[in-house]
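# Per-entry structural report
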Amino acid sequence: MKTLFLRTTVLLIGALILVSCAATETEEIAAESSTTATNASEDAVEAECMDEVLKQATEASVPADASEAPNATGSNNADDTEDNKLEDSDKTDEFNKTDDTEPSKADETESNKVEEGEEKKEATETEKKEEALPLQTGPFIDILGETLLSLEMINETSAQFHSHLTNEALNGKKVVGLYFSADWCGPCRQFTPDLVNFYNKMNARKGKENQFEIVWISRCRDVNSYGQYFTHMNWLAMTPEDAMGAKGEQLSQKYKVKGIPHLVLLDDMGSVITYDGRTKIPADKAGIGFPWRNPLTTAYITLVPKSLRMILKTHLDGAKQKIAMVTGLKAKMA
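So, here's what we can say about the structure. (Residues numbered from 1 in each chain as written. Predicted model: local features only at pLDDT ≥ 70, side-chain atom pairs only at ≥ 80, totals over all residues. Heavy atoms only, no water.)

### A closer look at the state of the cysteines
- If you walk through the whole model with that rule in mind, you get 0 disulfides.
- No disulfide involves Cys 220; its sulfur sits 8.8 Å from that of Cys 188, the nearest cysteine. (Disulfide = S-S within 2.5 Å.)

### Some points on the packing of aromatic side chains
- Evaluation of the coordinates by the stated rule reveals 14 aromatic pairs.
- Taken together, a centroid distance of 6.2 Å and an interplanar angle of 35° make the contact between Phe 161 and Tyr 226 tilted. With Phe 161 in strand 2 (residues 159-165) and Tyr 226 in helix 5 (residues 223-230), the pair connects residues that are 65 residues apart, well separated along the chain.
- With a relative accessible area of 40%, Phe 161 lands in the partly exposed category.
- Arranged with centres 5.5 Å apart and planes meeting at 80°, the rings of Tyr 199 and Trp 235 form a pair that is edge-to-face. Of the two residues, Tyr 199 is situated in helix 4 (residues 186-203) and Trp 235 in the loop between helix 5 and strand 5 (236-237); the sequence distance between them amounts to 36 residues. Each member of the pair, Tyr 199 as well as Trp 235, carries the same accessibility label: buried.
- Every member of this aromatic cluster is reached through a ring pair, and the members are Tyr 179, Phe 191, Phe 198, Tyr 199, Phe 212, Trp 235, Phe 290 and Trp 292.
- Just above the ring of Trp 184 sits the side chain of Arg 221; from NZ or CZ to the centre is 4.6 Å. (Phe/Tyr/Trp six-rings, centres within 6.5 Å; stacked < 30°, edge-to-face > 60°. Helix = DSSP H or I, 4+ residues; strand = E, 2+ residues; numbered from the N terminus. Buried < 20%, exposed > 50% of the residue type's maximum accessible area, 1.4 Å probe, protein only. Lys NZ or Arg CZ within 6 Å of the ring centre and 35° of its normal.)

### A word on the layout of surface pockets
- A volume near 820 Å³ is recorded for the largest pocket.
- In terms of lining residues, the largest pocket is bounded by 27 residues, among which Gly 270, Ser 271, Lys 313, Asp 317 and Lys 320 are the most central.
- Contributing elements (two or more residues each) for the lining of the largest pocket: helix 2 (139-144), strand 7 (272-274), helix 9 (295-303) and helix 10 (306-333).
- Residue classes in the lining of the largest pocket are distributed as 12 nonpolar, 7 polar and 8 charged.
- Each pocket or cavity is described by its volume, and for the second largest pocket that value is around 290 Å³.
- Considering the residues around the second largest pocket, the lining is formed by 15 residues, among which Lys 174, Val 175, Gln 211, Pro 291 and Arg 293 are closest to the centre. (1 Å grid on protein atoms, 1.4 Å probe; cavity = no way out; pocket = protein on both sides within 12 Å on 5 of 7 lines; lining within 4 Å. Points joined across faces, edges and corners; volume = space filled by probe spheres on them. Nonpolar A, V, L, I, M, F, W, Y, C, P; charged D, E, K, R; others polar.)

### Focus: the pattern of salt bridges
- Here the structure, examined in full by the defined rule, presents 3 salt bridges.
- In this structure, Glu 249 engages Arg 219 in a salt bridge whose closest nitrogen and oxygen atoms are separated by 2.6 Å. One end of the pair, Glu 249, is in helix 7 (residues 246-254); the other, Arg 219, is in the loop between strand 4 (212-218) and helix 5, with 30 residues separating them in the sequence.
- For Glu 249, a relative accessible area of 42% translates into the label partly exposed.
- Its relative accessible area of 17% is what places Arg 219 among the buried residues. (Salt bridge = Lys/Arg side-chain N within 4 Å of Asp/Glu carboxyl O.)

### Examining the pairing of strand 6 (residues 262-267)
- Judged by how many residues are buried, strand 6 sits mostly within the fold: 6 of 6 residues are covered.
- Burial of the side chains of strand 6 extends over both faces: His 262, Val 264 and Leu 266 are buried on one face and Leu 263, Leu 265 and Asp 267 on the other.
- One ladder, built from 6 bridges, connects strand 3 (residues 175-181) with strand 6; its direction is antiparallel. Bridged to Gly 177 within strand 6 is Leu 265.
- Linkage of strand 6 to strand 7, two consecutive antiparallel strands, is achieved through a turn of 4 residues, within which Gly 270 is found at a positive phi near 85°. (Pairing = 2+ DSSP bridges.)

### A look at the nonpolar core
- Tyr 179, Leu 195, Phe 212, Trp 216, Trp 235, Leu 265 and Phe 290 are the most contacted members of the largest nonpolar core, which has 29 residues in total.
- Elements with a minimum of two residues in this core: strand 1 (147-153), strand 3, helix 4, strand 4, helix 5 and strand 6.
- Considering each element in turn, this core owes the most residues, 7 residues, to helix 4.
- Apart from the residues within four sequence positions on either side, Leu 195 is in contact with Tyr 179, Ile 214, Trp 235, Leu 263 and Ile 281.
- Ranked by size, the runner-up nonpolar core spans 19 residues in total, among them Ala 169, Leu 170, Leu 236 and Met 238. (Core = buried A, V, L, I, M, F, W, Y, C linked by side-chain atoms within 4.5 Å. Contact = heavy atoms within 4.5 Å.)

Right, here's the structure in full:
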């Protein structure tokens, strides 16, 4: 009985233990289930909260993005517009520069064309003049050039220049005076009227009409003065370009011009008769001894034909040039 009782007690205790363990397990399972449910609930709540947060964030971000998007787009568009403006401005500047450059090139081309045209025109005019002017030779061409000027008074306030071939203008002249003077020179202004009277008187002599000519070598400072002063004379003149240039200086040295007025008288061969016509005329206003040749020179002109005198003069001038060259070389070597 005891054994049965013990066995029964043991079984009961085991059953209780099993029941207790099962209950414990059931409670743990229930607790776990509850915990799981709670966790699931919490997860669901959290999920719902996250969804809500995301939704709110999305709703909040969409207007913000939408509001910012136009601004960003506007900003980008503004930047693009500004860049485009800058590019357009650069292109415009380049275009303007091109426009500015192109006219200048065109102007340069046009200017070059004009200059070339003027040069061609001048060359053509020079060729025409050369073709128009016949070839001239002789002593006065070497001294005075190919053309001389005369002045015709049209009325009291205007005058006109006329050009003459040198050989034609001096053809038949036995005496040619080279008159160096200027408008700014007081003694010149005093002597010129006396010279005009003497010139007219010598050319009016019977048997010797128009055998005396004067060529004015101007020492004026400008062309206007040249033209005004020329109105007081009735003879020929060297062109102002030659007279007031290097040619006039060369003649001043050649004919020993120390001061003005200065009058040199030449014969028909271009040889010097006298360098002192300025003092001869006041001393012989009637021109009795005109042109005041040396008696030996007068005899030489009378006895020797002009053609032979020309040959002799040519040889003599050549000899003088050689002597001058030799003298110049010696001076340089010294």
